[in-house]
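In case you want the letters, here they are:
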Amino acid sequence: MRVVASLKKVRERMTALRDGGLTVEFNTKNISIVEDRLSVYENELSEIRKLRQATSMTDIMGELGGAANKLFDDYRASFADKPRSQVDDQKLAGICDKLGEIRRQMVEMSWAEDNDMNNRNLDIVTEQLTMFEGEYEAVLRARSTTTTSG
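Rules used in this analysis
- Counting from 1, residues in each chain are numbered in the order their sequence is written.
- The predicted origin of the model limits local features to residues at a pLDDT of at least 70 and limits the giving and counting of side-chain atom pairs to 80 or more, whereas totals for whole chains, interfaces and linings rest on all residues.
- Side-chain metrics rest on all non-hydrogen atoms present in the structure, leaving aside hydrogens and water.
- We define a salt bridge as a contact between a side-chain nitrogen of Lys or Arg and a carboxyl oxygen of Asp or Glu at a distance within 4 Å.
- Put simply, DSSP H or I for four residues or longer makes a helix, DSSP E for two residues or longer makes a strand, and each gets a number counted from the N terminus.
- Think of it in three bands: with a 1.4 Å probe and only protein chains considered, a residue is buried below 20% of the maximum accessible area for its type, exposed above 50%, and partly exposed in between.
- Classification of ring pairs rests on two measures: the distance between centres of Phe, Tyr or Trp rings, Trp counted by its six-membered ring, which must be within 6.5 Å, and the angle between planes, read as stacked under 30 degrees, edge-to-face over 60 and tilted in between.

(A) Here's a closer look at the pattern of salt bridges. This model, assessed by the stated rule, comprises twelve salt bridges. Salt-bridge contacts for Glu 101 lead to Arg 104; the nearest nitrogen and oxygen are separated by 2.4 Å. On the criterion of helical spacing, the pair formed by Glu 101 and Arg 104 is a turn pair, its members being three residues apart in helix α4 (residues 89-112). Overall, Glu 101 belongs to the partly exposed group, its relative accessible area being 25%. Members of the salt-bridge network, linked through shared partners, are Arg 2, Glu 101, Arg 104 and Glu 108.

Now the structure itself:
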């Protein structure tokens, strides 16, 4: 939904430039690209909504917990027992981003329905995300120290 909303704003601004007299070719081509992507994402969003309506809130909450567990496993496999200066900071950033999105969805689910499983999972995800983000900062510091001293 955020991507669709952002693309609509971009299209609106680009169209306003065109309507205001900007006649450069790249703007016209970019409007076409944005409209194409917007159509694709709106169709995808429609399909997601159809699937989501057919799935219970409890099942969605469970899936979010399962997705978080996969990220926890990925973290352990990729970062456990490895020196901070040698880990893939971009992969760790990606795990943090994905876990942050899962957390955001869990919070929104908790507004719609009180569920003990989701509440417990939300606490665990929040705790792990805080730890992973702290670890990411430590990795960057370790890299900085290695770079400046080596």
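(B) Inspection of the packing of aromatic side chains at higher detail. Counted according to the given criterion, the structure contains three aromatic pairs. Seen from their ring centres, Phe 72 and Phe 132 are 6.2 Å apart, and the 80 degrees between their planes marks the pair as edge-to-face. In this pair, Phe 72 is assigned in helix α3 (residues 57-79) and Phe 132 in helix α5 (residues 116-149), connecting sequence segments 60 residues apart. Of the residues examined, Phe 72 reaches a relative accessible area of 7% and is grouped as buried. You can call Phe 132 buried: its relative accessible area is 1%. Taken together, Phe 72, Tyr 75, Phe 79 and Phe 132 form an aromatic cluster joined through their ring pairs.

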